[in-house]
Structure formats: structure tokens, C-alpha cells
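Understanding the architecture of this molecule
As a plain string of letters, each chain reads:
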Amino acid sequence: MSKYDYILAKSKENGGTSLLSHIQSVKYFSVEAAMHAGLDTDIAQKGALLHDIGKVSPLFQRKLKGYRPNPLEMNFRHEIASLFFLDMVDESIRHHIIDMVVAHHKSIGKDGRELGILDLDYYYGDKVFEYHATDFYSWSKDAIGVLIECGFPKTSLTRTNAYNSYQYALEYCKTKGKGWSEWKGLLIGADHLASAIG
């Protein structure tokens, strides 16, 4: 049992899986897939652990309890909030981590529902960060606690760290053209497998 088991990755109707359990499962499958594909297992592990950490936000947790935003309210994207924790990985691997995190549900731009990071930036600008960072000081402590339980070193992050990480990811995404990413593919496969097994 963990003191973070109350933080959910899936709604009660979809199994009520805790975030800690889910990201540990995704880590397992990501590392296994990386070994078979000849990819760096450390990158696979870190990306898997970070990919859903934005789900700790109360804005996501309320969605799991049935809250539906009104049509004029920005849609909360847990992937974007997960990017706030990029400072917890070495800069030399951040591009790979971004590939794993930012688009494991939506394309970065020209998404069908226009919810990718570049779509949201186009429509909302800095409001994207402001909305996703609501109460960051409070919920980031639990997010970091979950990551520490998974083997990350003890650390603390400020809202400024989160903003800088978001801007770093946004600028990286602006330089990407259309194409594929082996890291995105690895994460999506591991994420779906972990969700299916539950």
C-alpha cells in the first residue's frame, strides 16, 4: 500500500487503477519493449514514469469523477501537465521523453479535435500553461512523491521550473515536422498493454 493510492489513473467505472500502479506497469512493459528493440532502457523507464504524472492534478482527478467542462472551458490535457516535470531528467534525453509524453494520446498539432500541444498554443497561448498549472505548488508535491516511490531522486520543483519545462517542450514540438517517433510508439504500446491488463 502507498499513501498515493488515492490518486487514480482510471475512473472507478474503468477499473479505478491507481496512478502509481499504472505507471509502474507502463514502466515494466516499456523497459521490456526497449530491450527487445535495442533502445535505451533508462529512457524507456523515465518516459514511462513521467507520461501520466500530470494526472495528479485535481483538474484531472475531477474529470475521473464525472466533471465535464462547459464548451467554453479549456480541456485539461494531462500530457501537458506531465511535461512540467522535465527538469527531473537529464537534458540530454529530454527530446526522447517529450516524444513519449506529449503525444501518447493526441498528435502534437492538427489533432482531430484540436487538442494537441500546438493546437492549444495556437488558440490559447500562455493560458495553456496557466490553466494546467492551477494549484501546481500543492499537487506537484504529491506528483514528486509518486515519482520518488518509483525511484526518482528527491527533488522539488517550482512553478518557474514547470513553466520553463513547458516552454522547452513547446519549442521542441514547433521544430518537429510530420513523421514518426520510435519513442512515442514504444510508450503507446506499453501504455495500451498496461491498461488492457489493468
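All of the points below concern the structure found in this document. Think of each chain on its own: its residues are numbered from 1, step by step along the sequence as written. Given that the model is predicted, a residue must reach a pLDDT of at least 70 before its local features are reported, and side-chain atom pairs must reach 80 or more before they are shown or counted; all residues, however, enter totals for whole chains, interfaces and linings. Water and hydrogen atoms were dropped before computing side-chain values, which therefore reflect all heavy atoms in the structure.

1. What about the overall build of the protein?
Helix and strand assignments come from DSSP, with helices taken as H or I runs of at least 4 residues and strands as E runs of at least 2, each series counted from the N terminus. Counting secondary structure elements, the protein contains 10 helices and 0 strands. Written out in order from the N terminus, the α and β elements of the protein read α-α-α-α-α-α-α-α-α-α. Note that the radius of gyration is over C-alpha atoms, with the globule rule given as 2.2 Å times the number of residues to the power 0.38. The C-alpha atoms of the protein give a radius of gyration of 16 Å, which matches the 16 Å a tight globule of 198 residues would have. For the protein, the spread of C-alpha atoms along the principal axes amounts to about 45 × 40 × 30 Å. Burial analysis of the protein (198 residues in total) assigns 52% to the buried set. Taking as baseline every contact in the protein between residues at least 6 positions apart, the subset at least 24 positions apart corresponds to 74%. Relative accessibility under 20% of the residue-type maximum defines a buried residue, over 50% an exposed one, and the middle range a partly exposed one, all with a 1.4 Å probe and only protein chains included. Whether two residues are in contact is decided by their heavy atoms, any of which lying within 4.5 Å being enough.

2. Digging into the packing of aromatic side chains
We call Phe, Tyr and Trp rings a pair once their centres come within 6.5 Å, taking the six-membered ring for Trp, and we label the pair stacked below 30 degrees between planes, edge-to-face above 60, and tilted otherwise. Using the criterion set out here, one finds 11 aromatic pairs in the structure. Note on Y28 and F29: the rings are 5.2 Å apart at their centroids and 75 degrees apart in plane angle, and the pair reads as edge-to-face. Accessibility expressed as a relative area gives 48% for Y28, which makes it partly exposed. Here the aromatic rings of F84 and F136 are separated by 5.9 Å at their centres, their planes lie at 80 degrees, and the arrangement is edge-to-face. Pair noted here: F84 is in the loop between helix 4 (78-82) and helix 5 (94-102) and F136 is in helix 8 (residues 136-149), with a separation of 52 residues, a long-range link. Three or more aromatic residues joined by ring pairs make a cluster, and in this case those are F84, F85, F129, F136, W139, Y163 and Y166. Whether a charge lies above a ring is judged from NZ of Lys or CZ of Arg, which has to be within 6 Å of the ring centre and within 35 degrees of the ring normal. Looking at R94, its charged tip hangs above the ring of Y168, at a distance of 5.8 Å from the centre.

3. Focus on the nonpolar core
As a rule of thumb, nonpolar side chains are buried together in soluble globular proteins. Core analysis: the biggest nonpolar cluster contains 66 residues, and L50, I53, F84, F85 and I117 have the highest contact counts within it. In contact with I53, not counting residues within four places along its chain, are L19, S82, F85, W139, A143, V146 and L147. Grouping buried Ala, Val, Leu, Ile, Met, Phe, Trp, Tyr and Cys residues that are joined through side-chain atoms within 4.5 Å yields what is termed a nonpolar core.

4. A short note on the environment of D5
For D5, the position within the fold is in the segment before helix 1 (19-37). On the basis of relative accessibility, which here comes to 26%, the residue D5 falls in the partly exposed class. For the pair formed by D5 and G116, sequence separation is 111 residues and the distance between their alpha carbons is 29 Å. Among residues more than four places away in sequence, those in contact with D5 are S18 and L20. Here the side chain of D5 touches S2 through a polar contact of 3.1 Å, landing on its backbone nitrogen. Polar contact criterion, stated in full: a pair of N or O atoms within 3.5 Å, where within protein one must be able to donate a hydrogen and the other to accept it, and residues adjacent in sequence count only if both atoms are side-chain atoms.

5. A word on helix 10 (residues 182-197)
Working rule for helices: expected span equals 1.5 Å times residues minus one. Along its 16 residues, helix 10 runs 23 Å from first to last C-alpha, staying within 8% of the 22 Å computed at 1.5 Å per residue. Among the residues making up helix 10, those that are buried are W183, L186, L187, A190, D191 and A194. Taken end-on, helix 10 shows its buried residues confined to a sector of 125 degrees, consistent with a single buried face. Opposite the buried face of helix 10, by more than 90 degrees, sit the exposed residues H192 and A196. For helix 10, the elements touching its buried residues are helix 1, helix 2 (41-50) and helix 5. Regarding the arc, it is the one traced by the directions from the helix axis to the C-beta atoms.

Everything listed is a geometric property; what it means functionally is a separate question.
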